[in-house]
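Coordinate inspection notes
Below are the chains, spelled out letter by letter.
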Amino acid sequence: MSQVRAKLIKRKIKNVKSRRDVKRKRAQKSGKKVESLRLFKYLDVNGAKLTLQNRTFRHAKPSSFNDSEDLTSGGVFLSSDQALTNLSNAFIDILASNLNLVPTCVSPMREKVQEIQQAILSNPEIVDILKNDISQRSNYGDTKYFSDLISSHVRNINEFMQNYRVLCVTTSSSSENMWQRYAQDHKGIVLRIEPSLKKDSKFTFFRPVEYLAQRPPLYQSVEKFVFSSVFGDNTSRCKEMCEKIIFSKTLDWAGEDERRLAIPIINEAPWETLPY
């Protein structure tokens, strides 16, 4: 009986640990605080002196990153050329499929959307006529118009991302590659960071980076772009886009197992260094 009981206790302990791991992973993905995790910061000689003397960590501006494409968008769509040809039809299709939703886009587009919704409600057969009408208009039919609009959108987002300051750490203290790249070829140091839940440490908000074959597009499809632009929640949309950009890198950097703490600048405060 004692052996059976011991096995049951071990199984319960294993299940508890497993549930904790699941909760930790879910919390990391959602940006919520997680239990203390050992993190490491590689520093060259000068960085080590400044960090230890001033008792601060440097939060880097995206434009200063080693990866020139880091914290930038790969584009609005995975294939912009194909998206441009489908945009006008997708616009009408999305409106026709959501006739009872209230548009959240700003004026004067909001009023135009409501007018089209009402027209389709009154006569569903008008959909093909509206598609043809839109494709004939110079603004909507000209792919260069949409191309310029998308380029402007990406440029504005990439400029906006420069308003973030990011502290990058890793879960490994024994990476030969990182010792060479970030710690001045073993001349620097590695600091261990143990976030404290009791002290409500900001370092409990580190989130893992996702490594992808290429920089992620802001939208997976034209339909999602149209729906989000016309009916989506603007605040949630901006947050989702920013997080997608901040917490993703290309596969070239996958070996670093990076965690990030991203802080938006408030009132133009110089957030380059923050006390630990």
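Given the structure is predicted, the values throughout are model-derived calculations rather than measurements.

Inspection of the entire model under this criterion finds 5 aromatic pairs. A centroid spacing of 5.5 Å and a plane angle of 85° characterise the contact between Tyr 42 and Trp 179, whose relative ring orientation is edge-to-face. Placement of the pair is Tyr 42 in strand β1 (residues 39–43) and Trp 179 in helix α8 (residues 176–182), with a sequence separation of 137 residues. Residue class for Tyr 42 comes out buried when judged on its relative accessible area of 7%. In this structure Trp 179 comes out as buried when scored by relative accessible area, which is 18%. Plain terms: the ring middles of Tyr 219 and Phe 225 are 5.2 Å apart, the flat faces sit at 70° to each other, and that makes the pair edge-to-face. In this structure, Tyr 219 and Phe 225 share a single accessibility class: buried. One aromatic cluster is present, formed by Phe 57, Phe 203 and Phe 206 through successive ring pairs. The ring of Phe 247 is capped by Arg 207, whose NZ or CZ atom sits 4.2 Å from the centre of that ring.

Among the residues making up helix α2 (residues 45–54), those that are buried are Gly 47, Ala 48 and Thr 51. Projected onto a plane normal to the axis of α2, the buried residues spread over an arc of 100° and lie on a single side. For α2, the secondary structure elements touched by its buried residues are β1, β2 (56–58) and β4 (189–193). Of the residues that open α2, the one with a side-chain oxygen 3.4 Å from the backbone nitrogen of Asn 46 is Asp 44.

For the rest of this paragraph, the subject is the pairing of β1. Burial analysis of β1 places 5 of its 5 residues in the buried class, which makes it a mostly covered element. On β1, burial covers both faces: Leu 39, Lys 41 and Leu 43 on one face and Phe 40 and Tyr 42 on the other are all buried. Direction of pairing for β1 relative to β4: antiparallel, over a ladder of 5 bridges. Counted as the bridge partner of Leu 43 is Ile 189 from β4.

Before going further, it helps to spend a moment on the nonpolar core. Counting residues in each nonpolar core, the largest one holds 30 residues, and the members touching the most others are Phe 91, Val 226 and Val 230. Mapped onto this core, the elements with two or more residues apiece are α3 (80–97), α4 (109–122), α5 (127–136), α7 (143–161), α9 (222–231) and α10 (234–246). Counting residues per element, this core draws most heavily on α3, which supplies 6 residues. For Val 230, the contacting residues outside a window of four places in its chain are Phe 91, Leu 95, Pro 103, Thr 104, Cys 105 and Val 113.

Summed over the entire model, instances satisfying the criterion amount to 8 salt bridges. In this structure, the salt-bridge partner of Asp 93 is Lys 131, at a minimum N-O distance of 2.8 Å. You can see Asp 93 sitting in helix α3 and its partner Lys 131 sitting in helix α5, a full 38 residues away along the chain. Judged by relative accessible area, Lys 131 falls into the buried class, the value being 18%. The shortest N-O distance in the salt bridge between Glu 194 and Arg 192 comes to 2.9 Å. Its relative accessible area of 42% is what places Glu 194 among the partly exposed residues. One continuous salt-bridge network, built from bridges that share partners, spans Arg 38, Arg 192 and Glu 194.

Conventions and cut-offs
Residues numbered from 1 in each chain as written. Predicted model: local features only at pLDDT ≥ 70, side-chain atom pairs only at ≥ 80, totals over all residues. Heavy atoms only, no water. Phe/Tyr/Trp six-rings, centres within 6.5 Å; stacked < 30°, edge-to-face > 60°. Helix = DSSP H or I, 4+ residues; strand = E, 2+ residues; numbered from the N terminus. Buried < 20%, exposed > 50% of the residue type's maximum accessible area, 1.4 Å probe, protein only. Lys NZ or Arg CZ within 6 Å of the ring centre and 35° of its normal. Arc of directions from axis to C-beta. Contact = heavy atoms within 4.5 Å. Polar contact = N/O pair within 3.5 Å; in protein donor to acceptor, adjacent residues only side chain to side chain. Pairing = 2+ DSSP bridges. Core = buried A, V, L, I, M, F, W, Y, C linked by side-chain atoms within 4.5 Å. Salt bridge = Lys/Arg side-chain N within 4 Å of Asp/Glu carboxyl O.

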